[in-house]
Structure formats: C-alpha cells, structure tokens
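Each chain, letter by letter, is given below.
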Amino acid sequence: MKLIVVTGAQKSGKSRYAEQRALALSDRPAYLATSRVWDDDFAERIRRHQVERDSRWVNLEQETDLAAHGFAGDVIVLDCITLWLTNLFTDCEYDRDATLIEAKTRWADFVAATPQTVIAVGNEIGWSLHAETQMGRHFVDLHGNFMQFATAQAEEVVLMVAGLPLKVK
C-alpha cells in the first residue's frame, strides 16, 4: 500500500483535496466512507457528499471493518480516520486503550488487504479548547496517538490550512 495522509481542521478542504488527488491518479477511484448515521444532520451530510461524487467513483461504506472494502482498483480515498475512530471508540464503550488496540489491529488488517494507493483523510483535533469531559479528553488522546501511528507509515502527509495543502512529509 502507498499511504498518503491528508489532515487538517474541520472544513479545511481535506476531502476535496483527497478527491482531486485520487482523480489525478485514477479514472475510477473508490471512496471508502466510514461515517455512521448518528442523526438527521449526519444523514443529510452523507447524502450531500454522495451527490457531490459523480459516476467516476466507486462508493464503499465500512463503519469499522476497513479491510472488508473488496475494491480492486488503483486508488481509495478513506474518509475519514476520525469518524472511523469515533465508531470504534463507541463500540469499545469509550475505553481509550481498548480502542487504540482495536484500531491498530484493524488498521494492520486494512494495510495487509489493500495493495492500492490509499489517500486517508483525518482531522486535527485538540488544537484549541481542552475537552471538558474525561471521555472527550480520552478521544483526543486516542485520536492523536492513532494519527501519529498512521502518519509514521505514510509516504506522504499533507496538512490542509484554509484550503491550501502544506506538505509535511
């Protein structure tokens, strides 16, 4: 697997950039969506994202089992690590340590099952306000630890700032 990680703040242009990169590399990339439908707002957000992708895209959805994507093409946009970790954190009953172990295991399965170029999108969280709750602080810790783990494996890391890509690695 060739791994490119695109990270940045919410609404920094991460997904748009990842999609553009994927289309530059492949005529028929896959979009591996990890979001759960948490509420009506999330359902609408997912619908908008699906409509924005045209017929060139193969749309895949995997809330937790990334290795089960079954895609045989050249490029996958994984969007997003943060939502995937949220799903695992919830499934592991908000246990930070158990979730990190589960995430690393599932990531290893994904890497082993995926020979394609993967452009993985993930948020940068914890740059501003300190989470008020213990659960929130544990998620920030989990997320930061996992993003360090993922970017250490990446050939390229891009930080998006106000729609502009900054190559970090």
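Analysis parameters
Residues numbered from 1 in each chain as written. Predicted model: local features only at pLDDT ≥ 70, side-chain atom pairs only at ≥ 80, totals over all residues. Heavy atoms only, no water. Helix = DSSP H or I, 4+ residues; strand = E, 2+ residues; numbered from the N terminus. Rg over C-alpha atoms; globule rule 2.2 N^0.38 Å. Buried < 20%, exposed > 50% of the residue type's maximum accessible area, 1.4 Å probe, protein only. Contact = heavy atoms within 4.5 Å. Areas by Shrake-Rupley, 256 points an atom, 1.4 Å probe, with all protein chains shown as cover. Lys, Arg positive; Asp, Glu negative; His and termini not counted. Charge placed at Lys NZ, Arg CZ, Asp CG, Glu CD. Pairing = 2+ DSSP bridges. Axes fitted to C-alpha atoms, helices over the stretch in contact; angles between N-to-C directions. Core = buried A, V, L, I, M, F, W, Y, C linked by side-chain atoms within 4.5 Å. Expected span 1.5 Å × (residues − 1). Arc of directions from axis to C-beta.

I keep staring at the overall build of the protein chain and nothing clicks. Help me out?
When its secondary structure is counted, the protein chain shows 5 helices and 7 strands. Reading the helices (α) and strands (β) of the protein chain from amino to carboxyl end gives β-α-β-α-β-β-α-α-β-α-β-β. A compact globule built from 169 residues should have a C-alpha radius of gyration of about 15 Å, and the protein chain, at 15 Å, falls within 12% of that. Once the C-alpha set of the protein chain is aligned to its principal axes, its extents read approximately 45 × 35 × 35 Å. Classification of the 169 residues of the protein chain by burial places 42% in the buried group. Taking all contacts inside the protein chain whose residues are at least 6 apart in sequence as the whole, residues at least 24 apart take part in 76%. Of the roughly 8,900 Å² of accessible surface on the protein chain, a fraction of 51% belongs to carbon and sulfur atoms. Looking at the protein chain, you have 18 positive and 24 negative side-chain charges, and the mean spots of the two groups are 6 Å apart.

I keep staring at the sheet that holds strand β2 (residues 30-33) and nothing clicks. Help me out?
In any sheet, the strands associate via hydrogen bonds between backbone groups, in a parallel or an antiparallel arrangement. The 7 strands are arranged β3-β2-β4-β5-β1-β6-β7 in an open sheet whose pairing can be described as mixed. Every other strand in the sheet has two partners, leaving β3 (58-61) and β7 (164-167) as the edge strands with one partner each. Across the sheet, the mean angle separating the axes of adjacent strands is 20 degrees when strand polarity is ignored. In the sheet, strand β4 (residues 75-79) pairs with strand β5 (residues 117-123) via 5 bridges, with the strands oriented parallel. Note that in β5 the partner of leucine 78 across the bridge is alanine 120. Seen against the sheet, helix α3 (residues 81-91) touches β4 and β5 and runs at an angle of roughly 70 degrees to β5.

Would you mind going over the nonpolar core with me for this structure?
Soluble globular proteins tend to bury their nonpolar side chains together. Among the nonpolar cores identified, the biggest contains 27 residues, and Leu78, Ile81, Trp84, Trp107 and Phe146 are the most heavily contacted of them. Mapped by element, the contributors of at least two residues to this core are β1 (2-8), β2, β4, α3, α4 (96-113), β5 and α5 (134-153). Among the nonpolar cores identified, the runner-up in size contains 15 residues, and Ile4, Ala33, Val121 and Met160 belong to it.

Mind showing me how you'd approach α5 here?
Three or four residues apart is the spacing at which side chains of an α-helix point the same way, because the helix has 3.6 residues per turn. Taking 1.5 Å of rise per residue, the 20 residues of α5 would be expected to cover 28 Å, and the 29 Å separating its terminal C-alpha atoms lies within 8% of that figure. For α5, every residue scored as buried is listed here: His138, Phe139, Leu142, His143, Phe146, Met147 and Ala150. Along α5, the residues classed as buried sweep out an arc of 160 degrees about the axis, all on the same side. Of the residues in α5, the exposed ones pointing more than 90 degrees away from the buried face are Gln134, Gln148 and Ala152. Residues of α5 that are buried in the fold lie against β1, α3, α4 and β5.

When you look at the pairing of strand β6 (residues 156-161) in this model, what are you seeing that I'm missing?
Successive residues of a regular strand alternate their side chains across the two faces of the sheet. Along β6, 5 of the 6 residues are buried, which leaves the element largely enclosed by surrounding structure. Two elements, β1 and β6, share 5 bridges in a ladder whose sense is parallel. Across the sheet, the residue bridging to glycine 8 is methionine 160, located in β6. Inspection of the sheet shows β6 paired to β7 by 4 bridges, in the antiparallel sense. Bridge pairing links methionine 160 to proline 165 in β7. Connecting β6 to the antiparallel partner β7 that follows it, the hairpin turn spans 2 residues, and alanine 162 within it adopts a positive phi of roughly 50 degrees.

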